[in-house]
Amino acid sequence: MAVFFQSLISGILIGGVYALIGIGLTIIFGVMRIINFAHGDLLMVGMYLTYFLFTLLHIDPFVSIIVTIPLMFLYGAFLQKFFINRVLDALPQNQILLTIGLGLVMSNTVMLAFTSDYRILTTTYSSSSFNVFGLSISTPLLISFAITIVITAILYWFLYRTDTGQAIRATAQDRGAAQLMGINVKRMSIIAFGLGASLAGTAGALIAPTYYIFPQVGSVFTLKAFVITVLGGMGSIVGATLGGVLIGIVESVGGVYIGSGWKDVIVFVVFLLVLLFKPSGLLGTSKD
Amino acid sequence: MRLFMHNMRGMSVFPVLLTVAAAAGLFLLPNFVESTYALHIMILIFISVIMGTGWNILGGYTGQYSVGHAAYFGIGAYTTLILMQYHHIAPWYGAWVGVVVAVAIALVVGSICFRLRGPYFTLASIAVAEIFRATALNLRLTNGAEGILITDIPPFKIGNTVITDFMSKVPFYYMGLVTLIIAIIVTRMVQNSKLGYYFQAIREDQDAAHSLGINPTAYKNAALAISVVFTSLAGSLYALYVGFIDPSTVLALDLSVHIVMICIIGGIGTIWGPAIGAVILVPFSEALRSNMIAQALIDSGLISENSRIGSFLKDQLSHAHVLIYGILLVIVILYMPDGILGFARKLLTKRRKETI
Amino acid sequence: MKRVLALMLVLTVAVMIPAVAMAKTIKIGFINSITGSEAPIGENLTNGVILAIEDLKGKGVDVDMIKEDDMGKPEKSMAALEKLATRDKVVGIVGPYTSATSNADAKMAERYKVPLLIPAASKEEITRQNLKWTYRVSATTGDYGTILLDLATKLGKPKTMAILNENTDFGVSAAKSAEAIAKEKGIKIVFAQAYSKGSPDYRSTLAEVKAANPDLVFMVSYAADAILLMRQSQEIGLSPMAFLGAGAGFSVAQFAAEKEISNGVFSSTQWTKDAPWGDSKAWFQRYQSKFGKAPTYHAACAYESMMIMGQAAAAAGDNREKLREQLHTGKWNGILGEVSFQDYDGYQNQRKAQMLVEQIQDGKFETVWPAQFAVKKPIWPFPGWKK
């Protein structure tokens, strides 16, 4: 039983970080209907940013997100403005290939610049934990979970309470109608991709103290992001949050009871089932 | 040109002659080319063309953008090798068993996934391929992560004469070439048939097609089945040729992406698109990988090997080839969204307008 | 556009025509995973080989090394070997890195009758296929487990063991060998699982290991997963008699630097800086000052492989058959000790490697086993986690 609760709690905590990755992807998808294959690579860029802020300027990873978020936003906006905006009306497979190409460029540029060495970011609390009812809880994961909640709340406020946020949501609901209403769709796309990138970057920053960093680290997370996004309902932020936590739990608990090798199979089977029976996702309403 | 372009049923003499001549040339090629390296590249090109042509039926003509075709490539590869290694069934039978298995699985997958559209279908196709990859990684049947290593391919005999013992590359070359030609002929037949029109109707507007009485799921499955036959054969050929398979090489997302890439670079929904894509992409990425550009520059005497640029090119460019590949990919998508064929066609019409 | 097409045409043709240029130096091919997901360790091999080329020059052997990247993919690796063997006409080839690529290349080397010297891939089958042209410097996966369990049974009386390995070719082969050896030594396997690498969370699996309460925890991990596994073991409070790590991830400098979690962990390896062979220490320092980081045993194996290949090729002249004879009968003495290729236990052309066990003590790798090579005494049992 202890094993069960132990895996449940670590699943929930790691799920928080997954949620951030998923939310970023879901915003991009919601607004542009583009599947961003470079999402994991954005996360990787965020990791490297965090790593260098920490090793060169001695800024704590959890504090450095104040720098990472705006930088990644600008980077995402740049990518959108100069690359992705140009294929908004292109065939979907061209959009996919463009993001794959961008991802390759990112990971290989980083490799040339910093070699493909593994980098480990060690903080004083990287492997610290505390006990609650005999269960060990990782301190850095708990902090990152808390930060995830705060960021999600702010995002909500932004999307529901501000004009720009409303415009983004309108674009996500119906691109054509939004355009007719006088919403600058291209600008909204830029903001959306910026947001997506900064969320991916933040996830990278949050995971950096407990994980390791290398140029190809993104691919694992790209696939995970897809699963989370679909699970929650493409375009739904609450959905992505829940989807992230759910995937965290499925991986963690499934790893124990079905075998850690099989857990990927379970995750993807769950993913397919959701796609089939509720293609709009657990909480999604938008149709395509 | 016009004269040849369109006869009654889209058949014309000139292109057919050209194609036959090209095919004949390819058949004779191994007699003239001694470089096995060139043959190796040709075989890789053939495998790519077969995969691409297969994908093109589903992705190009029917508009279902699967990014999970590695699943069927892997099924073909695994079935052939499992039957050969563990049950001593010759690969030329095994490959067909592979086709049957792949098609059967594809139809199950298809009848489930084709309820989804657009990006949802794409994601579902990725998920299916990942399920196969993760399963192959954990099954005893597939020997898990250790993969399957060929010990010996039995010689191919007709009666008592040994046709080939598979020691050289030539048999693989011909297997690839024949499959490729069949794939292209099938594409042509599909394009000019009722089936092909239905496929394209679904691609253009699924709902309209449905209201005209075309059952989208049934026809999408038909397209998938045709597509999978060639993907699976390509997988079998790859497995026999390379002699070793494991989940991360024959069931990987990379591979699915590579298949799509070939078609897009060439031009999707066209008969020759995948072939052109493969002919460009495979040698080009090979030249990049083995740093031939730098070597050529040095050999030509333009840049001295010992100069700073020379040593930079020689040492560093070998690390940068994937980066260059990525940059080119971005450029192609941005400036040639319809692939090389589409781009060439656009140039032609432009010129024609100018001359008029 | 025309220019682009012309360039592509030239490239296509370039692939087809065999290279003409012939130098007077010895041409040796080197295949490695320079890019792709195996690149982090692949880099060690590249660096090791660079040092070997320098040293060979010092010995009067001028090597024209042709470097090929295989991206960790078998078909690319085959293309590389093909090119080296037929177009560049190298006399011998060092590489490739991973087991999967080595398997594919070994067969091809046989076909082209070109000597292939595998530096670091350790899957047992590679040198068990009666191949004439494939030689291997690297130890096999069985060797990794044998030495560790040798140490464990000499120092303590472990009765149970848990095996946790990454789900890759190397991981599975090493785990299988370890399981077999443990059975021989009468140690009961109470937990055995393969995990998919790259996951950020192994806590649930480790909690299960803890519940099985093994005396020994045997882990196989290529990459930085080693750090994650140990960090999370500390979190969970998994504290067995000893942590045993087989190779790769447990013998990189970054791992040792994580004192808090790495102290007391044993790892088996083919080479350490304290290794009593050649100028291991000087070599270690030279590597470190040149590349700014500590070498792994992969680097040492790649270095030694290129040294052997270079010297053998120099003795053989530009003749592959003679080079093979050289490899077959020769003996070399370098930083891996005396190397010769032998047939034993079903292997052919395999180096019988003297494995070493290192233990991390105070953030440093110290060679602790076997006794005649040890520089420090092993700390046994695992002292437990500091709270």
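Right, let's walk through the structure included here. Fair warning: this is a prediction, and the values are worked out from it, not measured in the lab.

**Regarding the sheet that holds strand β10 (residues 266–269) of chain C**
Residues and elements named next belong to chain C.
Step number 1: The sheet built from 7 strands is open, its strands ordered β7-β6-β8-β9-β10-β15-β16 with mixed pairing. The outermost strands of the open sheet, each flanked by one partner alone, are β7 (188–195) and β16 (364–369). Across the sheet, the axes of successive neighbouring strands diverge by a mean angle of 25 degrees, strand direction being ignored.
Step number 2: Summarising the sheet, strand β8 (residues 216–220) and strand β9 (residues 242–246) pair through 5 bridges and their orientation is parallel. Opposite Val220, over in β9, you have Ala246 as the bridge partner.
Step number 3: Against the sheet, helix α7 (residues 203–212) makes contact with β6 (160–166), β7 and β8, and its axis sits at roughly 175 degrees relative to β7, the strand it touches most.

**Some words on unusual backbone geometry**
Glycine aside, residues mostly have negative phi, and peptide bonds are mostly found in the trans state.
Step number 1: Between Gly95(C) and Pro96(C) the backbone carries a cis peptide bond, its omega angle lying at -15 degrees.
Step number 2: The topology assignment puts Pro96(C) in the loop between β3 (92–94) and α4 (99–112).
Step number 3: Residue Pro381(C) follows Trp380(C) across a cis peptide bond; omega there is -10 degrees.
Step number 4: With respect to the helices and strands, Pro381(C) occurs in the segment after β16.
Step number 5: Of note, Arg33(A) is a non-glycine position whose phi angle comes to about 55 degrees, a positive value.
Step number 6: Structurally, Arg33(A) is set in the loop between α1 (2–32) and α2 (39–57).

**Looking at the interface of chain B and chain C**
Step number 1: Listed as interface residues are 45 residues of chain B and, on the opposing side, 42 residues of chain C.
Step number 2: When chain B packs against chain C, close to 3,800 Å² is buried across both sides, 64% of that on carbon and sulfur atoms.
Step number 3: When the buried surface of chain B facing chain C is broken down by residue, Tyr37(B), Glu146(B) and Arg289(B) rank first, second and third, together holding 18% of it.
Step number 4: For the pair chain B and chain C, the number of links is 5 salt bridges.
Step number 5: With its nearest N and O atoms 3.0 Å apart, the salt bridge here joins Lys169(B) to Glu82(C).

**A look at the pairing of strand β13 (residues 341–344) of chain C**
All names here are of chain C.
Step number 1: Direction of pairing for β13 relative to strand β14 (residues 347–351): antiparallel, over a ladder of 3 bridges. The residue of β14 that forms the bridge with Phe341 is Arg351.
Step number 2: Where β13 hands over to β14, the hairpin turn is made up of 2 residues, of which Asp345 adopts a positive phi near 45 degrees.

**Considerations on the pattern of salt bridges**
Residue and element names in this part refer to chain B.
Step number 1: Per the stated rule, a full pass over the model turns up 31 salt bridges over all chains.
Step number 2: Where Asp207 meets Arg117, a salt bridge forms, and the shortest distance between an N and an O atom there is 2.8 Å. Here Asp207, found in helix α9 (residues 206–211), pairs with Arg117, found in the loop between α5 (91–113) and α6 (118–138); they are 90 residues apart in sequence, far enough to count as distant.
Step number 3: A relative accessible area of 44% means that Asp207 is categorised as partly exposed.

**Concerning the packing of aromatic side chains**
Step number 1: Counting across every chain of the model gives 43 aromatic pairs over all chains.
Step number 2: Measuring from centroid to centroid gives 5.5 Å for Tyr156(A) and Tyr160(A), while their planes differ by 0 degrees, and the two rings are stacked. Of the two residues, Tyr156(A) and Tyr160(A) both sit in helix α5 (residues 139–161), 4 residues apart, roughly one turn of that helix.
Step number 3: Ring geometry for Phe46(B) and Tyr173(B): centres 5.0 Å apart, planes at 55 degrees, overall tilted. In this pair, Phe46(B) sits in helix α3 (residues 36–61) while Tyr173(B) sits in helix α7 (residues 170–191), placing the two residues 127 residues apart along the sequence. There is no split in this pair, since Phe46(B) and Tyr173(B) are both buried.
Step number 4: One aromatic cluster is present, built from ring pairs that chain together Tyr118(A), Tyr211(A), Tyr212(A), Phe214(A) and Phe221(A).
Step number 5: The ring of Tyr347(C) is capped by Arg128(C), whose NZ or CZ atom sits 4.2 Å from the centre of that ring.
Step number 6: The ring of Phe284(C) is capped by Lys273(C), whose NZ or CZ atom sits 5.7 Å from the centre of that ring.

Thresholds applied
- Residues numbered from 1 in each chain as written.
- Chains lettered and ligands numbered in written order.
- Predicted model: local features only at pLDDT ≥ 70, side-chain atom pairs only at ≥ 80, totals over all residues.
- Heavy atoms only, no water.
- Pairing = 2+ DSSP bridges.
- Helix = DSSP H or I, 4+ residues; strand = E, 2+ residues; numbered from the N terminus.
- Axes fitted to C-alpha atoms, helices over the stretch in contact; angles between N-to-C directions.
- Contact = heavy atoms within 4.5 Å.
- Buried area = accessible area lost by both parts, 1.4 Å probe.
- Salt bridge = Lys/Arg side-chain N within 4 Å of Asp/Glu carboxyl O.
- Buried < 20%, exposed > 50% of the residue type's maximum accessible area, 1.4 Å probe, protein only.
- Phe/Tyr/Trp six-rings, centres within 6.5 Å; stacked < 30°, edge-to-face > 60°.
- Lys NZ or Arg CZ within 6 Å of the ring centre and 35° of its normal.

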